[in-house]
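Listed here are the chains, written in short residue letters.
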Amino acid sequence: MIMQGKKGLIVGVANNKSIAYGITKACKEQGATIALTYMNEQIQKRVLPIAEEIGDSSLVYELDVSEPKHFKSLREKIQKDLGGLDFIVHSVAFAPKEALDGSFLDTTKAAFNIAMEVSVYSLIELCRELEAVLNPNASILTLSYLGAVKHVAHYNLMGIAKAALESSVRYLAHDLGPKGIRVNAISAGPIRTLAASGIGDFRFILKWNELNAPLRKNVSIQEVGNSAMYLLSPLSSAVTGEVHYVDCGYNIMGMAAIEEKEGKAALVWDKAQN
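Everything quoted here is computed from the prediction, not taken from an experiment.

Chemist: Looking at this structure, how should I read helix H7 (residues 221–232)?
Modeler: In an α-helix, one full turn covers 3.6 residues, which means residues spaced three or four apart are oriented alike. For H7, built from 12 residues, the straight-helix expectation of 16 Å at 1.5 Å per residue is met to within 8% by its first-to-last C-alpha distance of 16 Å. What H7 keeps buried is the set Ile221, Val224, Gly225, Ser227, Ala228, Met229, Leu231 and Leu232. Buried-residue contacts for H7 involve helix H1 (19–29), strand S4 (85–90), strand S5 (134–144), strand S6 (182–188) and strand S7 (243–246).

Encoded structure:
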């Protein structure tokens, strides 16, 4: 198995429908030992059954990325329980709901700072604070979305945060590269997750992607998990600083798909409305 003997930390598993869960399953199936984190007691109740499911129930740690003391505690516990890490997955993002819709011009400084701290700085802090426990040739992975490079309705401030996150990947890859540590991102297509529930018209977005993506479907957490496992494994030993799209090809599209039927062109917009 590709990940046999590898030890990793996955930050941000919310439930068994989250992208981080798909990554957890894919890595576990390839032999990895996995530690998970939880932000608060409510999330802990969801994470513990997942830890039991994968057989690593003793490796569950508290981590609220807005609490600096949690990072130090996490580092000490990982060093004690695992010795070191071969990979880290950062699946953390948040922006106040009011900053995801309406006019981007109305974004408040408070909302901006929250989104940047939680969604972007948390990756930087995670890399810096856990660098000491990273094994040689370790791999770090974070999660982005198309809204980082294109305007996406109902995404607003989170798109700006994801753009900063993708840039951070490149700078972190440069800084950690001399030590053999790789840093990459996956830009996944829309998936019905807990985080996505806060995005307006999400059902329409899913349908639109399905009808316009070259593969004519939406990506699953299993497919994202498999791609992540590749980036976390030795198979991608020469890949760093990259944003890898796993979205059934939607990111390559420049126009909405048009279907020819009975001599008339029909935009898939009509289908997406239904």
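Chemist: It is not clear to me how unusual backbone geometry should be interpreted in this structure. Could you clarify?
Modeler: In most cases, non-glycine residues show a negative phi, while peptide bonds are predominantly trans. In this structure, asparagine 137 is a non-glycine residue whose phi angle is positive, near 65°. Considering the arrangement of structural elements, one finds asparagine 137 in strand S5. At asparagine 156, a residue that is not glycine, the phi angle is positive and equals roughly 35°. When you line up the elements, asparagine 156 lands in helix H5 (residues 156–176).

Chemist: What is the right way to read the sheet that holds S6 from this model?
Modeler: Strand-to-strand pairing in sheets goes through backbone hydrogen bonds, with the strands running parallel or antiparallel. Ordered by their spatial adjacency, 7 strands build an open sheet running S3-S2-S1-S4-S5-S6-S7, and the pairing between neighbours is parallel. Both edges of this open sheet fall to strand S3 (60–62) and S7, since each of them pairs with a single strand only. Recorded for the sheet is a direction-independent mean angle of 20° between the axes of neighbouring strands. Bridge analysis of S4 against S5 gives 5 bridges, and the strand direction is parallel. Note on S5: the bridge partner recorded for isoleucine 88 is isoleucine 140. Here H1 sits on the sheet in contact with strand S1 (7–11), strand S2 (33–38), S4, S5 and S6, set at roughly 160° to S2. Packing of helix H4 (residues 109–130) onto the sheet brings it into contact with S1, S4 and S5, and relative to S4 it is tilted by some 170°.

Chemist: What is the right way to read the layout of surface pockets from this model?
Modeler: Any space left empty among the atoms is revealed by the rolling of a water-sized probe across them. Taken as a whole, the second largest pocket holds about 450 Å³ of empty space. For the second largest pocket, the lining is made up of 20 residues, of which Leu146, His151, Val152, Trp208 and Tyr250 are closest to its centre. Per-element tally for the lining of the second largest pocket: the top contributor is helix H6 (residues 202–212), with 5 residues. When grouped by side-chain class, the residues that make up the lining of the second largest pocket number 12 nonpolar, 6 polar and 2 charged.

Chemist: In this structure, what is going on with the packing of aromatic side chains? I would like to understand it.
Modeler: Two numbers describe a pair of aromatic rings. These are the distance of the centres and the angle of the planes. Applying the stated rule across the entire model yields 2 aromatic pairs. Each ring, one from tyrosine 145 and one from tyrosine 155, has its centre 5.0 Å from the other, and the planes form 65°; the classification is edge-to-face. Taken together, the residues tyrosine 145 in the loop between S5 and H5 and tyrosine 155 in the loop between S5 and H5 connect sequence positions 10 residues apart. Pair check on accessibility: tyrosine 145 and tyrosine 155 agree, each one buried. For the pair phenylalanine 204 and tryptophan 208, a centre-to-centre distance of 6.0 Å together with 25° between the ring planes defines the contact as stacked. Linking phenylalanine 204 with tryptophan 208, this pair stays in helix H6, spanning 4 residues, or about one helical turn. Judged by its relative accessible area of 23%, phenylalanine 204 is partly exposed.

Cut-offs and rules
- Residues numbered from 1 in each chain as written.
- Predicted model: local features only at pLDDT ≥ 70, side-chain atom pairs only at ≥ 80, totals over all residues.
- Heavy atoms only, no water.
- Helix = DSSP H or I, 4+ residues; strand = E, 2+ residues; numbered from the N terminus.
- Expected span 1.5 Å × (residues − 1).
- Buried < 20%, exposed > 50% of the residue type's maximum accessible area, 1.4 Å probe, protein only.
- Contact = heavy atoms within 4.5 Å.
- Pairing = 2+ DSSP bridges.
- Axes fitted to C-alpha atoms, helices over the stretch in contact; angles between N-to-C directions.
- 1 Å grid on protein atoms, 1.4 Å probe; cavity = no way out; pocket = protein on both sides within 12 Å on 5 of 7 lines; lining within 4 Å.
- Points joined across faces, edges and corners; volume = space filled by probe spheres on them.
- Nonpolar A, V, L, I, M, F, W, Y, C, P; charged D, E, K, R; others polar.
- Phe/Tyr/Trp six-rings, centres within 6.5 Å; stacked < 30°, edge-to-face > 60°.

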